[in-house]
Amino acid sequence: MHEISIAGAIVDAVLDAAAKNNAKKVNEVFLEIGELTALNPEQLKFIFGTITRNTVAEGARYNIEVIKPLIQCRKCSYRGAIQFFEKLHFFLPVIKCPECGGTDVDIIAGRECCVRKIKIT
Ligand SMILES: [Zn+2]
């Protein structure tokens, strides 16, 4: 359930941005969540709904875009997706290059967890 602490940090960022822009209400929040974070978007939305009660973000809609992982292999220069996804549900797998099997890879995408924009009134 690491969703709760992450949702808290996201809501803090949203409320902070809303306050800086003198928002009366936050209508919509656009988020990017990398698939490697193993966060559950539905669970996040539920937590947002709960913890934004009595704030300007109460009742806001959440658009969550799930970002597919992308890696770059340092050994063979493969750049692209990783294949292992049936294992993700059990927990974070070892990330390997599908071309050469190397584990010396850079994760280019898939670990995002950020607020892309908010719509306020
Ligand atoms: Zn490789």
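Located above this text is the structure these notes cover.
For the structure given in this document, a descriptive report is provided here.

Rules used in this analysis
- Residues numbered from 1 in each chain as written.
- Predicted model: local features only at pLDDT ≥ 70, side-chain atom pairs only at ≥ 80, totals over all residues.
- Heavy atoms only, no water.
- Pairing = 2+ DSSP bridges.
- Helix = DSSP H or I, 4+ residues; strand = E, 2+ residues; numbered from the N terminus.
- Axes fitted to C-alpha atoms, helices over the stretch in contact; angles between N-to-C directions.
- Contact = heavy atoms within 4.5 Å.
- Donors = N, O, S within 2.8 Å, 3.2 Å for Na, K, Ca; no water.
- Tetrahedral: all angles 85-135°; square planar, octahedral: opposite > 155°, others 65-115°.
- Expected span 1.5 Å × (residues − 1).
- Buried < 20%, exposed > 50% of the residue type's maximum accessible area, 1.4 Å probe, protein only.
- Arc of directions from axis to C-beta.
- Parallel < 35°, antiparallel > 145°, perpendicular 65-115°, else oblique.
- Left-handed = near helix turned anticlockwise from the far one by under 90°.
- Nonpolar A, V, L, I, M, F, W, Y, C, P; charged D, E, K, R; others polar.
- Polar contact = N/O pair within 3.5 Å; in protein donor to acceptor, adjacent residues only side chain to side chain.

### Structural notes on the sheet that holds strand β1 (residues 26–34)
Hydrogen bonding along the main chain pairs the strands of a sheet, whether they run parallel or antiparallel.
Turning to step 1, where the next piece is worked out: If you walk across this open sheet you meet the three strands as β2-β1-β6, and the pairing is mixed. Of all strands in the sheet, those with a lone pairing partner are β2 (61–67) and β6 (113–120), marking the two edges. Geometrically, the sheet is characterised by an average inter-axis angle of 15° between neighbouring strands, direction not taken into account.
Turning to step 2, where the next piece is worked out: In terms of strand pairing, β1 meets β6 through seven bridges, oriented antiparallel. Opposite E28, over in β6, you have K119 as the bridge partner.
Turning to step 3, where the next piece is worked out: Helix α1 (residues 3–20) rests against β1 and β6 of the sheet, and its axis sits at about 40° to β6.
Turning to step 4, where the next piece is worked out: The sheet strands contacting helix α2 (residues 41–51) are β1 and β2, and the helix crosses β2 at an angle near 150°.

### Some details on the coordination of the zinc ion
Turning to step 1, where the next piece is worked out: In this structure, C73 (SG), C76 (SG), C97 (SG) and C100 (SG) serve as the protein donors to the zinc ion, at separations of 2.2 to 2.3 Å.
Turning to step 2, where the next piece is worked out: For the zinc ion, the four donor atoms in the first shell make angles of 106 to 115° at the metal, a pattern classed as tetrahedral.
Turning to step 3, where the next piece is worked out: Of note, the donors binding the zinc ion are all from one chain and are spaced C-x2-C-x20-C-x2-C. Linking C76 in the loop between β3 (70–73) and β4 (79–80) with C100 in the loop between β4 and β5 (105–109), this pair joins segments that are 24 residues apart in sequence.

### Describing α1
Turning to step 1, where the next piece is worked out: The end-to-end C-alpha separation of α1 is 26 Å, in line with the 26 Å expected for 18 residues at 1.5 Å each.
Turning to step 2, where the next piece is worked out: Listing the buried residues of α1 in full gives E3, A7, I10, V11, V14 and A18. Projected onto a plane normal to the axis of α1, the buried residues spread over an arc of 100° and lie on a single side. Residues of α1 that are exposed and angled more than 90 degrees away from the buried face: S5, D12, A19 and K20.
Turning to step 3, where the next piece is worked out: Packed against the buried residues of α1 are β1, α2 and β6.
Turning to step 4, where the next piece is worked out: Looking one or two residues past α1, N22 carries a phi angle of roughly 50°, positive in sign.

### With respect to the packing of α1 against α2
Turning to step 1, where the next piece is worked out: As a packed pair, α1 and α2 sit with axes 9 Å apart at the nearest point and diverge in direction by 55°. Taken together, the axes of α1 and α2 are oblique relative to one another. Crossing of α1 against α2: the hand is right-handed. Counted together, E3, I4, A7, G8, I10 and V11 of α1 and Q43, L44, I47, F48 and I51 of α2 form the full contact between these two elements.
Turning to step 2, where the next piece is worked out: When grouped by side-chain class, the residues that make up the contact of α1 with α2 number eight nonpolar, two polar and one charged.

### Some points on the side chain of T52
Turning to step 1, where the next piece is worked out: Tracing the chain through its elements places T52 in the loop between α2 and β2.
Turning to step 2, where the next piece is worked out: On the accessibility criterion, T52 (1% relative accessible area) is buried.
Turning to step 3, where the next piece is worked out: Side-chain polar atoms of T52 contact the backbone oxygen of F48, separated by 2.7 Å.
Turning to step 4, where the next piece is worked out: If we ignore the near neighbours within four places in the chain, the residues touching T52 are V11, A57, E58 and Y62.

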